[in-house]
Every structure is written in C-alpha cells, then in structure tokens.
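Below are the chains, spelled out letter by letter.
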Amino acid sequence: MLSDPEKKVAAEFEVLKEKNMYGKKVIGIARTTFLIGPDGTITHVFENVKPDGHAEEVLGYVNAAPRKAS
C-alpha cells in the first residue's frame, strides 16, 4: 500500500487517467495493482481492478508464479 497525495508516483506509473464522473471529465487514478519483485522490478500488472475478489486473484497469481532458484 502506498500513500501518494501529490500523485507523483501515480504519474510515474502512468495510472492517472481521464474518467467520466457524473457526466464530467476528471483526471483520476485507474485502479491498478503492481507486483514488485525483491529486486525492485515489476513482475506483473493487474489493470482495471475490481475490489471484490482481487486479493484472492493476486494471491493465486503469486502462489502459481514460478520461483527463481537461489
């Protein structure tokens, strides 16, 4: 989880998108989950995330992902 009130990280990750809210166009954050590996690289991106069931979806992906040998 990350707090980003100035939206600096959101801009870097390109998740600021134009949305339509009550008929008015606004810039908002697209719900996106990034899995980041121990080396700091992005290993997977989930876009257009819906909250219901998403934690289970991510956990399933993590559990199914092949592991690198140490």
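Trainee: Hey, could you go over the pattern of salt bridges for me, with residue numbers and the actual values?
Mentor: This model, assessed by the stated rule, comprises 1 salt bridge. With its nearest N and O atoms 3.7 Å apart, the salt bridge here joins glutamate 18 to lysine 25.

Trainee: How would you summarise the pairing of strand S3 (residues 33-36) if you had to cite specific residues and measurements?
Mentor: Every other side chain in a regular strand lies on the same face of the sheet, so the side chains alternate between the two faces. By the bridge criterion, 4 bridges tie S3 to strand S4 (residues 42-46) in an arrangement that is antiparallel. Residue pairing in the sheet places leucine 35 in a bridge with histidine 44 of S4. Taking the residues that link successive antiparallel strands as the turn, the S3-S4 hairpin has 5 residues, and the phi of glycine 40 there is positive, at about 90 degrees.

Trainee: With reference to specific residues and values, describe the environment of serine 3.
Mentor: In this fold, serine 3 is placed in the segment before helix H1 (8-12). The class of serine 3 is exposed, set by a relative accessible area of 64%. Remark: the alpha-carbon pair of serine 3 and tyrosine 61, spanning 58 residues in sequence, is separated by 24 Å.

Trainee: Talk me through the packing of aromatic side chains; I want residue IDs and the actual numbers.
Mentor: Applying the stated criterion across every chain yields a total of 2 aromatic pairs. Seen in terms of ring centroids, phenylalanine 13 and phenylalanine 34 are 4.7 Å apart; in terms of plane orientation they differ by 65 degrees. Their pairing is edge-to-face. Taken together, the positions of phenylalanine 13 in the loop between H1 and strand S1 (16-21) and phenylalanine 34 in strand S3 put the pair 21 residues apart, joining distant regions of the chain. For the ring pair phenylalanine 46 and tyrosine 61, a centre distance of 5.7 Å and an interplane angle of 85 degrees mean the geometry is edge-to-face. Within this pair, whereas phenylalanine 46 is found in strand S4, its partner tyrosine 61 is found in helix H2 (residues 54-64), the two being separated by 15 residues in sequence. What makes tyrosine 61 partly exposed here is its relative accessible area of 31%.

So, how was this worked out
Residues numbered from 1 in each chain as written. Predicted model: local features only at pLDDT ≥ 70, side-chain atom pairs only at ≥ 80, totals over all residues. Heavy atoms only, no water. Salt bridge = Lys/Arg side-chain N within 4 Å of Asp/Glu carboxyl O. Pairing = 2+ DSSP bridges. Helix = DSSP H or I, 4+ residues; strand = E, 2+ residues; numbered from the N terminus. Buried < 20%, exposed > 50% of the residue type's maximum accessible area, 1.4 Å probe, protein only. Phe/Tyr/Trp six-rings, centres within 6.5 Å; stacked < 30°, edge-to-face > 60°.

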